[in-house]
Amino acid sequence: VVTRDDVEKSLKAKWQYVKDKEQLLKDLRSQIEETGQRLSVKQGERDYWLEYKNVGSKTQANKIMNLEKDIKEVKDDLHRATEYYRNALKAVKEENDRLLERHMKLSKEQAPENAVRYLDKKSRREIEENEWLKEEVKIYQKEVSDLKASIQLLEEENIGLVTKLIDSRLQNLRV
């Protein structure tokens, strides 16, 4: 039997779990923003070095290539992090939906018990009598099916005996 307090504790625990996950998502979003800022800084550096390269400095060409590689790596990291956090968010949402579904199912199962608990004695008595009558009906239905089966066996036996009787009379007539 699950009490209202148990259900409330369960709900509080679930809400705390959701809040923790939301805080985690906020932290992850701030990391994504920080990575985006780093990306814009790197792009600014790249633009500067591209302009410098166009002016005629060939010695800095390797630096520019390295910075472009860094920018590409940062973009790749951002893409992977975004994908990871998107999948994590999806998993958290699915988990929350599953937990909510389970809680709703438990609540639905407990609703009749709670409703019966708050009924008056007469209504409770009627429900108990109804349950008893359902059991009695099952018992009587089983007895009826047993009797039908025994009737069918007796009818088959009678048909067999009548067939033997007719056969023996035909034999007597032939003799």
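The rules behind each value
Residues numbered from 1 in each chain as written. Predicted model: local features only at pLDDT ≥ 70, side-chain atom pairs only at ≥ 80, totals over all residues. Heavy atoms only, no water. Helix = DSSP H or I, 4+ residues; strand = E, 2+ residues; numbered from the N terminus. Rg over C-alpha atoms; globule rule 2.2 N^0.38 Å. Contact = heavy atoms within 4.5 Å. 1 Å grid on protein atoms, 1.4 Å probe; cavity = no way out; pocket = protein on both sides within 12 Å on 5 of 7 lines; lining within 4 Å. Points joined across faces, edges and corners; volume = space filled by probe spheres on them. Nonpolar A, V, L, I, M, F, W, Y, C, P; charged D, E, K, R; others polar.

The name an unreviewed UniProt entry gives the protein chain is CCD83 protein, with Pygoscelis papua as the organism.

(A) Just the overall build of the protein chain, in detail. Counting its secondary structure elements, the protein chain contains 3 helices and 0 strands. Reading the helices (α) and strands (β) of the protein chain from amino to carboxyl end gives α-α-α. For 175 residues, the compact-globule formula gives about 16 Å, and the C-alpha radius of gyration of the protein chain, at 41 Å, lies well above that figure. Expressed as lengths along the three principal axes of its C-alpha atoms, the size of the protein chain is roughly 135 × 65 × 15 Å. When contacts within the protein chain are restricted to residue pairs at least 6 apart in sequence, long-range pairs at least 24 apart make up 70% of them.

(B) Quick look at the layout of surface pockets. The calculated volume of the largest pocket comes to roughly 230 Å³. As for the largest pocket, its lining consists of Val2, Thr3, Arg4, Val7, Glu8, Leu11, Ser107, Gln110, Ala111, Asn114, Arg117 and Tyr118. Of all the secondary-structure elements, those providing two or more residues to the lining of the largest pocket are α1 (4-55) and α2 (61-117). Sorting elements by how many residues they give to the lining of the largest pocket places α2 first, with 5 residues. The residue makeup of the lining of the largest pocket, split by class, is 5 nonpolar, 4 polar and 3 charged. As a volume, the second largest pocket reaches approximately 180 Å³. Around the second largest pocket, the lining residues are Leu11, Lys14, Trp15, Tyr17, Val18, Asn96, Asp97, Leu99 and Leu100. Only α1 and α2 provide two or more residues apiece to the lining of the second largest pocket. Top contributing element to the lining of the second largest pocket by residue count: α1, with 5 residues.

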